[in-house]
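# Overview (structure and organization)
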Amino acid sequence: MTEQLDAGLVARRIAGSDQVGEPRDPAEGREVGRARRRREDARLITGRTRWTDNIQLPGMLHVAFLRSPMAHARLTRVDVSAALAMPGVVAAFSGRDFAGEQGSLPCAWPVSEDVVIPDHPPMAVDRVRYVGEAVACVVATDRYRAADALEAIEADYEPLEAVLDMTEALSDGAPAVHEAGNQAFTWRFSGGDADAAFHDAPVVLDRTYVQQRLIPTAMEPRAVVAVPEGEGFTLYSATQIPHILRVMLALTTGIPEHLLRVVAPDVGGGFGSKLQVTAEEVLGLLLARRLGRPVKWTESRSEGNLTAHHGRDQIQRISVAAERDGRIRGVRVDLLADMGAYLMLVTPGVPLLGAFMYSGVYKMDAYDFTCTGVFTTKVPTDAYRGAGRPEATFAIERAVDELAAELGLDPVEVRRRNWISREEFPYTTVAGLTYDSGDYEAATERALALFGYDELRAEQADRRERRDPVQLGIGVSTYTEMCGLAPSRVLGSLSYGAGGWEHAAVRLLPTGKVEVVTGTSPHGQGHETSWSQITADALGVPFEDVSVLHGDTAVSPRGMDTYGSRSLVVGGVAVLAACEKVKEKAKRLAAHLLEAADDDVEFADGTFRVRGTDQGRTIQELALAAFAAHDLPDGFEPRLDADATFDPENFSFPHGTHLCAVEADTETGRVAIRSYVAVDDVGRVVNPLIVEGQVRGGIAQGIGQALFEEAVHDTGGNLLTTTMADYLIPSAADLPDFVTDRTETPATSNPLGVKGVGEAGTIAATPAVVNAVVDALRPHGVRDVPMPCTPERVWRALARSRANDGGTR
Amino acid sequence: MPEVTVTVDGVAYEEEVEPRLLLVHLLRDRLGRTGTPIGCDTGNCGSCTVLLDGRSAKSCSVLAVQADGSDVVTVEGLASGGDLHPMQRAFHEEHALQCGYCTPGMIMAAIDLLRDDPDPSEEAVRRGLEGNLCRCTGYCTIVRAVRRGARAMSGGRDAGPGGEAGGEAAGGPAGGEAAGEPAGEGVAAP
Ligand code: FES
Ligand code: FES
């Protein structure tokens, strides 16, 4: 049979396999821009992973939660005594047992003056507000026994009326989710004079789009291990945000921050779902404290679908005023955003992240935005890949396609007439953002060519002519987004509770190897590879000599973590900044050792040389000299290392053109994607392999929203899509291959010229697909199909428009 | 409690188990073989796929007692010595993983798929892996990796488990490298 695996050897062979190919080019930039295969892969393809659920510790106990079966009820009694008698059970608690210490789960984004932030106990005490809310817990010797004992807990409820529909929730006499009512906040924003723009406008389009509720569905379920250690605690969690989590847990539980270590080991995807401070994390810590033993909780998929935050869930009313030639005068948006039952970490901020993006890539005179956050008795919503920007992009890109149809113009042409042209950058939009760079013409031209746009339009005309029962639809999406979260000052002005900087430290070790410490917390993004590439170029050291440390507050004490396509744009740039500082130090040491003036020393390919001579010291020699400390300049500390933070002055604005062709069967409603082309401009690219991976994965999720995914509740507020058999994320068989390409206009807001790529695909794809579906059905009078565009929905849209007199050809 | 005898990645185990214990929990919680992860509780995601007597099985849908007398190979048992299985290597080379959570199951399912169809078309790979979900990659590179692994396993240049003898020379395999990137990053032993 197989021999046991020598992990070190595998890792060396993997590394070995990726460094050959080209001889090292001493010129600058030999690593950045190269499609280097990932160093992370070695452990992931061999199963030598460190998922949180893998952790086994002596004396470790397992936690299971009893969860409310009611969407809205008074919790009148919880009795855990029978559970305590079950085999293997060590402890059982109700919310009341922790009432004094469990605090309230934090919301870090109080968006407005009128925001209502209700108390949110990790375990419900006397009221439940969504199905799945924890009401009691059992701690037992293994996971099976913990689950068994839940059945012995008695909980009594007095049902209250569920609140499921946002419009009804805001109507008079609606049952109140919270004492203060069902309105969480209102937020308004405007640029230019919308009244003037809409007054006498030759064309005004009013549309309503529904962003259905989505379940983020990272493949790794959430898991938490809390360990009493020394005077304090170590919390392992499948989280995107170990640093933010540490601060928030300290504030919530009162455990002093310096006695709390948070570790994000290998994390199996997040997409926003692990950008949270969860009830289970807080209670895990409190249980470990109370019992003095390590405790573990791992959710099942069904439990996760019920209780981990959901995404999107907005009703968007968008109005566009335009001239007859298609030029847009102004846009008005009125948004209802479902918060669910409570405000979690950034719940109310999600729609704000879209508020500035409804003007998209277009110039216009006026823009007006109103958003109302609404409480319902469903699991809270919060960040899901794109967070606010997919919603905004969907609405404007759908509306522009509708405008084109209304005017009988080609949707690409309408975009051309409105977009910011390449000569106009930097351009300050009607929403007040300054887009620093971009070239919409180039990305669009490239996409049209790869797609074969004209040929497909010709085929479409032919099939329309023939009344082919299977119609061809073409969808266009020329998106941009704001990412790289974020300038701390801007976040402050939006009432966000923290900054948007990122931290890095770079250390030369005595043997010349390099440790990079980053405050970003990767969970699939390949930072270990990309940050090594940046460092290798900056310091002139081999890629293999760099290691990247992250995801543990004891190792990486400062950071703002990974979300909002920020890691490279903020964190990668911080790594570069720390390298530059190290080089400054090294230069001073080199000048001292070479008996030259600092200014006479220059750096190239890892060596500091006295200008015009062959006298030099390599950075590795300098690292050893600093360590030995035998001959240092006065006041020079014996180490070559540096810390740096980067706080960008502006967001970054990736953009691109995505084109989708679908075949829609007008008899069955079945839609199949025939081809998909994405040309993205994410600025300068550090690793093309990783960038393309992010784009493709993002597109798949965007298609998921367009065609497959929806969290569905029954009239009692029970989630019906608790399993992966009910909540359908796309499988390989559901998707085509995607054609991807890039154009490149470097960002001017950071020295790497990078823009971020984590969310772009998701933001772009959803409107491209739905525009294609509607385009296919337009000859039948269909002007919209609600998402997800399942065969049933498509069929109903056709039936409806046939009933309305066969449509308006 | 029933006793089961299983061989996992070449090591024989005798364990007393509750009749309800899932094979995946036996592997993970009892035997410490945590390379095989769990992604769902309904047999839909495929993360937990292993080879059970040579055929792929979702180890969350098999009781430990049902595996009595069986030979189980997990992703941890594929590489031998320092040499990756060609399918593992292909996943790395094609960037067929991001977070890597679905990867063990994908690799095991792919190996099984090739038993029935040693040279699958793109279509066949997509259909064959329908029961293995990935949320990160959009599948394009997974499909390429499976086809690349298939070529390697059927005696292509990267032949056989082991595959240490040179791998693909610079100049690269068909369809492998990312568009527009130099094809020079072949695989070679150090
Ligand atoms: S964990 Fe076995 S199929 Fe999902
Ligand atoms: S790589 Fe993350 S789920 Fe497949």
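Residues numbered from 1 in each chain as written. Chains lettered and ligands numbered in written order. Predicted model: local features only at pLDDT ≥ 70, side-chain atom pairs only at ≥ 80, totals over all residues. Heavy atoms only, no water.

A word on the packing of aromatic side chains. Two measures describe an aromatic ring pair: the distance that separates the ring centres and the angle between the ring planes. All names here are of chain A. Across all of its chains, the model carries 19 aromatic pairs over all chains by this definition. Between the aromatic rings of Trp 187 and Phe 189, the centroid separation amounts to 6.0 Å while the plane-to-plane angle is 15 degrees, which identifies the pairing as stacked. You'll find Trp 187 and Phe 189 in the same group, each marked buried. Aromatic rings pair up to connect Trp 187, Phe 189, Phe 356, Tyr 358, Tyr 367 and Phe 369 into one cluster. One cation-aromatic arrangement involves Arg 290 over Phe 98; the distance from NZ or CZ to the ring centre is 4.1 Å. (Phe/Tyr/Trp six-rings, centres within 6.5 Å; stacked < 30°, edge-to-face > 60°. Buried < 20%, exposed > 50% of the residue type's maximum accessible area, 1.4 Å probe, protein only. Lys NZ or Arg CZ within 6 Å of the ring centre and 35° of its normal.)

Residue and element names in this part refer to chain B. Mean pLDDT for chain B: 86, with 82% of residues reaching 70 or above. For the stretch residues 157–190, pLDDT sits under 50, and the model shows 70 contacts to residues farther than four places along the chain or on other chains. Model confidence for the complex is summarised by a pTM of 0.94, with the ipTM given as 0.95. (pLDDT = per-residue confidence, 0-100. Contact = heavy atoms within 4.5 Å.)

Turning our eyes to something else, we now look at the domain arrangement of chain B. All names here are of chain B. Segmentation of chain B into domains returns domain 1 (3–77) and domain 2 (86–179). Listed by partner, the interface residues are 18 residues for domain 1 and 13 residues for domain 2. Interface of domain 1 and domain 2: buried area, both sides summed, is about 1300 Å²; carbon and sulfur atoms make up 53% of it. If you sort the residues of domain 1 by the area they bury against domain 2, Thr 49, Arg 55 and Val 75 come out on top, with a joint share of 38%. Between the two partners, domain 1 and domain 2, sit two salt bridges. The salt bridge involving Arg 55 is made with Asp 116; its shortest N-O contact spans 2.9 Å. For the pair domain 1 and domain 2, the number of links is ten residue pairs in polar contact (both at pLDDT 80 or more). Of all elements in the fold, only strand S3 (49–52) and strand S4 (55–58) reach the threshold of two or more residues within the side of domain 1 that touches domain 2. Partitioning the side of domain 1 that touches domain 2 into residue classes produces seven nonpolar, nine polar and two charged. (Domains from an automatic or database assignment. Buried area = accessible area lost by both parts, 1.4 Å probe. Salt bridge = Lys/Arg side-chain N within 4 Å of Asp/Glu carboxyl O. Polar contact = N/O pair within 3.5 Å; in protein donor to acceptor, adjacent residues only side chain to side chain. Helix = DSSP H or I, 4+ residues; strand = E, 2+ residues; numbered from the N terminus. Nonpolar A, V, L, I, M, F, W, Y, C, P; charged D, E, K, R; others polar.)

So, about the interface of chain B and chain A. Contacts between chain B and chain A engage 73 residues on the former and 76 residues on the latter. Across the chain B to chain A interface the summed buried area is about 6200 Å²; carbon plus sulfur atoms make up 53%. Inspection of the region where chain B meets chain A yields five salt bridges. With its nearest N and O atoms 2.7 Å apart, the salt bridge here joins Asp 148 of chain A to Arg 20 of chain B.

What follows concerns the confidence of the model for chain A. Residue and element names in this part refer to chain A. A residue-level look at chain A finds 96% of positions with pLDDT of 70 or above and a mean pLDDT of 95. Note on residues 1–5: pLDDT is under 50 here. Beyond four places in sequence and across chains, it has 21 contacts. Below pLDDT 50 for its whole length, residues 19–28 participates in 18 contacts with residues either more than four positions away or in separate chains.

With that settled, consider the packing of helix H19 (residues 688–708) of chain A against helix H20 (residues 760–777) of chain A. All names here are of chain A. Two elements in contact, H19 and H20, have axes separated by 7 Å at closest approach and are oriented at 45 degrees. Between H19 and H20, the interaxial angle falls into the category oblique. Crossing of H19 against H20: the hand is right-handed. Counted together, Val 695, Gly 698, Ile 699, Gln 701, Gly 702, Ile 703, Gln 705, Ala 706 and Leu 707 of H19 and Gly 761, Thr 762, Ala 765, Thr 766, Val 769, Val 770 and Val 773 of H20 form the full contact between these two elements. Its residues placed into classes, the contact of H19 with H20 shows nine nonpolar, seven polar and no charged. (Axes fitted to C-alpha atoms, helices over the stretch in contact; angles between N-to-C directions. Parallel < 35°, antiparallel > 145°, perpendicular 65-115°, else oblique. Left-handed = near helix turned anticlockwise from the far one by under 90°.)

Okay, a negative patch on the surface next. Residues and elements named next belong to chain A. Taken together, the side chains of Glu 584, Asp 598, Asp 599 and Asp 600 present a region of like negative charge at the surface. Here Asp 599 is to be found in the loop between helix H17 (567–594) and strand S22 (601–604). Looking at Asp 599, the relative accessible area reads 61%, which means it is exposed. (Patch = residues over 30% accessible without salt bridge, like charges linked within 9 Å, V, L, I, M, F, W, Y side chains within 5 Å. Areas by Shrake-Rupley, 256 points an atom, 1.4 Å probe, with all protein chains shown as cover. Lys, Arg positive; Asp, Glu negative; His and termini not counted. Charge placed at Lys NZ, Arg CZ, Asp CG, Glu CD.)

Another aspect to go through is helix H7 (residues 242–253) of chain A. All names here are of chain A. Along its twelve residues, H7 runs 16 Å from first to last C-alpha, staying within 8% of the 16 Å computed at 1.5 Å per residue. Along H7, the residues classified as buried are Pro 242, His 243, Ile 244, Leu 245, Arg 246, Met 248, Leu 249, Ala 250, Thr 252 and Thr 253. Each element contacted by the buried residues of H7 is listed here: strand S10 (232–237), strand S11 (260–263) and helix H8 (279–291). Taken from the residues just after H7, Gly 254 is the one with a positive phi, measuring 80 degrees. (Expected span 1.5 Å × (residues − 1).)

If charged atoms from side chains of opposite charge come close, those side chains can pair. Residue and element names in this part refer to chain A. A full pass over the atoms with the stated rule returns 82 salt bridges over all chains. With a closest N to O distance of 3.2 Å, Arg 457 and Asp 775 form a salt bridge. Taken together, the positions of Arg 457 in helix H14 (residues 453–466) and Asp 775 in helix H20 put the pair 318 residues apart, joining distant regions of the chain. With respect to burial, Arg 457 and Asp 775 carry one shared label: buried. The closest approach of N and O atoms between Glu 663 and Arg 674, which form a salt bridge, is 2.9 Å. With a gap of eleven residues between them, Glu 663 in strand S26 (residues 655–665) and Arg 674 in strand S27 (residues 671–681) connect regions that are remote in the sequence. A relative accessible area of 35% means that Arg 674 is categorised as partly exposed. Shared partners join several salt bridges into a network, and the residues in it are Glu 459, Asp 462, Arg 463, Arg 466, Asp 468, Glu 663 and Arg 674.

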